[in-house]
Amino acid sequence: MTTIFYETLPVAQMTFEGEWRLDYDPSWQARRSAFPISLTMPLRSGAVHADRLLPWLANLLPETHLAEIGQRLKVSPQDIVGLLGHIGRDTAGALSVREPRKAGVHLQPIADDEALERILNELPSKPFLVGERGVSMSLAGVQEKLPVFIDEEGIISIPVDGTPSTHIIKPDTTRLAGSVENEAFCLALARACGLEAAEATIGVAGKRRYLLVKRYDRFTDPQGGIRRLHQEDLCQLTGHFPSQKYERSSTGRGVTLKMMFDAVSDLVSPGERLKLLDAVIFNVLICNSDSHAKNYSILIGAGGSAKMAPLYDLMCAAVYREVDQSLPQGIAGRFIAPDLHRRDWQAVAEEIGLSGASTARRVEELAAVVGDACDDVATRLFEISGEPTRILERISHNVQKRCKRIHR
């Protein structure tokens, strides 16, 4: 049996009898502040079986380096529950797998920038510092990243023994030059346009630049402790495995925009579809060709109340010729963003139950706002952090070009 915890409280037990199943702990169900593991697994709905449980769990794991992680832990990369039992104490959202959080704050301070640079350089061969004593962390996605804890004095530490991380470090990559500045620009641009987005700053450790993203799924309690907020992404909400995050997945059963909007309407709130619509439009305008179903999430509160989470993992792909530029989910059957017309936006709006005319107006509004904000955001970012790759001007140009084309 494997237990899922919130802080030190048992939430549910997973048992294997031919296949995995999940049952909520009665003490958790009785708590006024209880929340479901997923909106697809209500608190009093009875046992949850493998067909619904395993896709949800798989989305807590990274999509790369599973072979390296499995080799270090002596666990098969296909053993979803086994892997999470080792690296699942600090994941996206609020839950810990197998072991509860140890009371208090437990940290391994990173001595200096030289030590941080060494850790970042070793991430490809030692993802999430797997195998280190007390370190048990996992974040979904394909990009290398490291959850960290930053205290009031700005000291960066590795959280251990289930202590929640407060930030995520995303180091630069030679494959996508200027990726740190790119994502910092896109996140700042979203906020400048009135959209909720994760807060991020740029840091330097030796020769490595990195994006430091503040976790929005964390909060400080009245006693000053760091607590977790629960969330799930739209792959989890629609019941799909990570490999199905694109509509045109290799299995042929990928997540579509209609699936995403229907899930939000049915399980969250019909009104939250407008936030999701803004996010989809914004990703088209910034030329983000990787805004798949795992890059949209919802935050879950007590009793299953929920809302759309802030935007994250934003990137302008147009500055990288080696990156596929097609849309992750089709809009009225189209996957090439510059080909989109008013009728396409109206058609997809009607498909997901929104007003075609209102949707077209919102596309026009955001195209104008985003295009106008680009230069100011690029200038501010350059003044704060510098720009060794000189990529901000190219990003701003490509986004403005896309906005003008969509608007026209």
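Residues numbered from 1 in each chain as written. Predicted model: local features only at pLDDT ≥ 70, side-chain atom pairs only at ≥ 80, totals over all residues. Heavy atoms only, no water.

*Asks:* Can you walk me through the overall build of the protein chain in this structure?
*Replies:* Across its full length, the protein chain carries 12 helices and 16 strands. Against the compact-globule benchmark of 22 Å for 408 residues, the protein chain has a radius of gyration of 21 Å, which places it among compact chains. For the protein chain, the proportion of its 408 residues judged to be buried stands at 57%. In the protein chain, 64% of the contacts between residues at least 6 apart in sequence involve partners at least 24 apart. (Helix = DSSP H or I, 4+ residues; strand = E, 2+ residues; numbered from the N terminus. Rg over C-alpha atoms; globule rule 2.2 N^0.38 Å. Buried < 20%, exposed > 50% of the residue type's maximum accessible area, 1.4 Å probe, protein only. Contact = heavy atoms within 4.5 Å.)

*Asks:* Teacher, can you tell me more about the packing of aromatic side chains here?
*Replies:* Note on aromatic pairs: each is described by the distance of the centres and the angle between the planes. Overall, the coordinates contain five aromatic pairs when judged by the stated rule. On the basis of an interplanar angle of 85 degrees and a centroid distance of 5.4 Å, the ring pair of Y6 and F35 is categorised as edge-to-face. Note that Y6 is positioned in strand β1 (residues 2–6) and F35 in the loop between α1 (26–29) and β4 (48–49), a separation of 29 residues in sequence. Grouping residues by exposure puts Y6 and F35 together as buried. (Phe/Tyr/Trp six-rings, centres within 6.5 Å; stacked < 30°, edge-to-face > 60°.)

*Asks:* Just checking my understanding: could you explain the nonpolar core for this structure?
*Replies:* The tendency in soluble globular proteins is for nonpolar side chains to be buried side by side. Membership of the largest hydrophobic core comes to 109 residues, with the highest contact counts inside it found for I37, F185 and L189. Among the elements that make up this core, the one with the highest residue count is helix α11 (residues 356–385) (nine residues). Apart from residues lying up to four places away in sequence, L189 is in contact with F282, I286, V370, A373, C374, V377 and V399. Judged by nonpolar contacts, the second largest core, of 15 residues, contains L116, L120, L123 and Y210. (Core = buried A, V, L, I, M, F, W, Y, C linked by side-chain atoms within 4.5 Å.)

*Asks:* Can you help me understand the sheet that holds strand β8 (residues 156–159) in this one?
*Replies:* Strands pair in a sheet through their backbones, by hydrogen bonds, and they do so in one of two ways: parallel or antiparallel. In spatial order, the strands read β6-β8-β7-β9-β11-β10; together these six strands make up an open sheet with antiparallel pairing. Sheet topology places β6 (107–109) and β10 (200–205) at the edges, where each strand pairs with a single neighbour. The mean inter-strand angle of the sheet, taken between neighbouring strand axes irrespective of direction, is 40 degrees. Looking at chain direction, strand β7 (residues 146–150) and β8 are connected through two bridges and run antiparallel. Bridge pairing links I150 to I156 in β8. Strands in contact with helix α5 (residues 113–122) are β7, β8, β9 (167–171), β10 and β11 (208–214); relative to β11, the strand with the most contacts, it is inclined by about 90 degrees. Running over the sheet, helix α6 (residues 179–192) touches β9, β10 and β11 and is turned about 30 degrees from β11. (Pairing = 2+ DSSP bridges. Axes fitted to C-alpha atoms, helices over the stretch in contact; angles between N-to-C directions.)

*Asks:* So what exactly am I meant to see when it comes to the sheet that holds strand β5 (residues 95–97) here?
*Replies:* Taking strand neighbours across the sheet as the criterion, the five strands line up as β4-β3-β2-β1-β5 in an open arrangement whose pairing is antiparallel. What marks the edges here is a single partner per strand, and that holds for β4 and β5. Judged from the two bridges that link them, strand β3 (residues 20–24) and β4 form a sheet pairing that is antiparallel. Residue pairing in the sheet places L22 in a bridge with V48 of β4.

*Asks:* What exactly am I supposed to notice about the pattern of salt bridges here?
*Replies:* As a working rule, side chains carrying opposite charge can pair if their charged atoms are close by. Applying the stated criterion across every chain, the model contains 22 salt bridges. Of the charged contacts, one joins D262 and K258 as a salt bridge, the two residues approaching to 3.1 Å between their closest N and O atoms. Taken together, the positions of D262 and K258, both in helix α8 (residues 257–268) and four residues apart, correspond to about one turn of that helix. For D262, a relative accessible area of 27% corresponds to the partly exposed category. Three or more residues joined by partner-sharing salt bridges are found here, namely D90, R215, D217, R218 and R228. (Salt bridge = Lys/Arg side-chain N within 4 Å of Asp/Glu carboxyl O.)

*Asks:* Would you mind showing me how to read the pairing of β7 here?
*Replies:* The side chains of a regular strand alternate between both faces of the sheet. Most of β7 sits inside the fold, with five of its five residues counted as buried. Residues L146, V148 and I150 line one face of β7 and the alternating positions P147 and F149 line the opposite face, and both faces are buried. Judged from the three bridges that link them, β7 and β9 form a sheet pairing that is antiparallel. Each bridged residue has a counterpart across the sheet, and for P147 the counterpart in β9 is I168. Taken together, β7 and the strand that follows it, β8, pair antiparallel across an intervening segment of five residues, in which G154 is found at a positive phi of about 85 degrees.

*Asks:* What am I meant to see in the packing of helix α2 (residues 50–58) against helix α4 (residues 80–87) here?
*Replies:* Two quantities define a packed helix pair, namely the angle between the axes and the distance from one axis to the other. It is the contact of α2 with α4, at a shortest axis distance of 10 Å, that shows an interaxial angle of 45 degrees. Comparing the axis directions of α2 and α4 gives the class oblique. Note on packing geometry: the crossing formed by α2 with α4 is left-handed. Seen from α2, the contacting residues are L54, L57 and A58; seen from α4, they are I80, V81 and L84. Split into classes, the residues belonging to the contact of α2 with α4 amount to six nonpolar, no polar and no charged. (Parallel < 35°, antiparallel > 145°, perpendicular 65-115°, else oblique. Left-handed = near helix turned anticlockwise from the far one by under 90°. Nonpolar A, V, L, I, M, F, W, Y, C, P; charged D, E, K, R; others polar.)

*Asks:* In this structure, what is going on with helix α3 (residues 66–73)? I would like to understand it.
*Replies:* Think of an α-helix as turning once every 3.6 residues; residues three or four places apart then point the same way. Listed as buried for α3 are I69, G70 and L73. One side of α3 carries all its buried residues, which in axial view fall inside an arc of 95 degrees. Exposed side chains of α3 directed beyond 90 degrees from the buried face belong to A67 and Q71. If you follow the buried residues of α3, they end up packed against α4. Two residues or fewer past α3, K74 is found with a positive phi of approximately 60 degrees. (Arc of directions from axis to C-beta.)

*Asks:* Hey, could you run me through the environment of E68 in this one?
*Replies:* Mapped onto the elements, E68 comes out in helix α3. Spatially, the C-alpha atom of E68 lies 19 Å from that of S243, the residues being 175 residues apart in sequence.

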